[in-house]
Amino acid sequence: MEDLKEIYERISFLRQKGIKMKEMAEQAGISPSVLSAIYSTVLPAYLKNTEKGENEDEALNNALVWVNNVSKKKLLGSLANLKNSLFAMEIIPKSPSENKINPFLTQLENNMQETLNRISYFSGIYLSYSISSGSHSLKIEPYLITPAETGCYAEVGHNNAYGVTHWGVVMMNGMNHLYLTVNFQF
């Protein structure tokens, strides 16, 4: 009866790794509805009953009353095959499918590609005018916008009024919005 606990833990592990109940049932040669009933109803009830102090045979009988498509004789007769087939299943890491990719990162990548296509029109040196927070005077700070040497992204360089240069990336959203992200260190 220790096999029941091992089977429950193995099914839980396989499900966490993304393997579907249908695939496990095909591997074991049993109906998916039967495997699902065993996993979701019989085994949890059996484990709870044994924790309460019932003997294993009584705990299994009381767990099987909750389902009508699993018999005790058939379950006990197929335990060895079920356990062997579940432990024989290989866990192959799945690459994310197209619809599971993070849509935010996909949009960022698309915007960066559009930025690279247009940045040559906007490359150059720009001046930023602002009021200084330290004194009541006007600050003039230059910005340099250019494609990066690797050609993978657009780069911005910023020289602040205090002589410190910061580098970052440029991203465009259409023709009217330009986003500058620089690495400020204080």
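No experiment lies behind these values; they were computed from the predicted model shown.

K.L.:
How do you make sense of the pairing of strand 4 (residues 165-173) when you look at a structure like this?
P.N.:
Within a regular beta strand, the side chains point alternately toward one face of the sheet and then the other, so they alternate between its two faces. Sheet analysis places strand 3 (residues 154-159) next to strand 4, joined by 6 bridges and oriented antiparallel. For Asn159, the partnering residue across the bridge sits in strand 4 and is Thr165. Remark: 5 residues form the turn of the hairpin made by strand 3 and strand 4, two consecutive strands paired antiparallel; Gly163 in that turn has positive phi of roughly 85°.

K.L.:
Hey, could you run me through helix 6 (residues 103-122) in this one?
P.N.:
Every α-helix winds through 3.6 residues per turn, so residues three or four apart in the chain are directed the same way. Here helix 6 is 20 residues long and its end C-alpha atoms lie 27 Å apart, about the 28 Å a rise of 1.5 Å per residue gives. In this structure, the buried side of helix 6 is in contact with strand 2 (138-147), strand 3 and strand 4. Phi turns positive, to about 150°, at Gly124, one or two residues after helix 6.

K.L.:
What is the right way to read the sheet that holds strand 5 (residues 177-182) from this model?
P.N.:
The strands that make up a sheet are held in pairs by hydrogen bonds between backbone atoms, and each pair lies either parallel or antiparallel. Strand order in this open sheet of 5 strands is 1-2-3-4-5, and the pairing throughout is antiparallel. The outermost strands of the open sheet, each flanked by one partner alone, are strand 1 (124-131) and strand 5. For this sheet, the mean angle separating the axes of adjacent strands, direction not counted, is 30°. Sheet topology places strand 4 next to strand 5; 6 bridges connect them, and they run antiparallel. Counterpart to Met172 in the pairing with strand 5 is Leu178. Here helix 6 sits on the sheet and contacts strand 1, strand 2, strand 3 and strand 4; the angle it forms with strand 4, its principal contact strand, is near 105°.

Cut-offs applied
- Residues numbered from 1 in each chain as written.
- Predicted model: local features only at pLDDT ≥ 70, side-chain atom pairs only at ≥ 80, totals over all residues.
- Heavy atoms only, no water.
- Pairing = 2+ DSSP bridges.
- Helix = DSSP H or I, 4+ residues; strand = E, 2+ residues; numbered from the N terminus.
- Expected span 1.5 Å × (residues − 1).
- Contact = heavy atoms within 4.5 Å.
- Axes fitted to C-alpha atoms, helices over the stretch in contact; angles between N-to-C directions.

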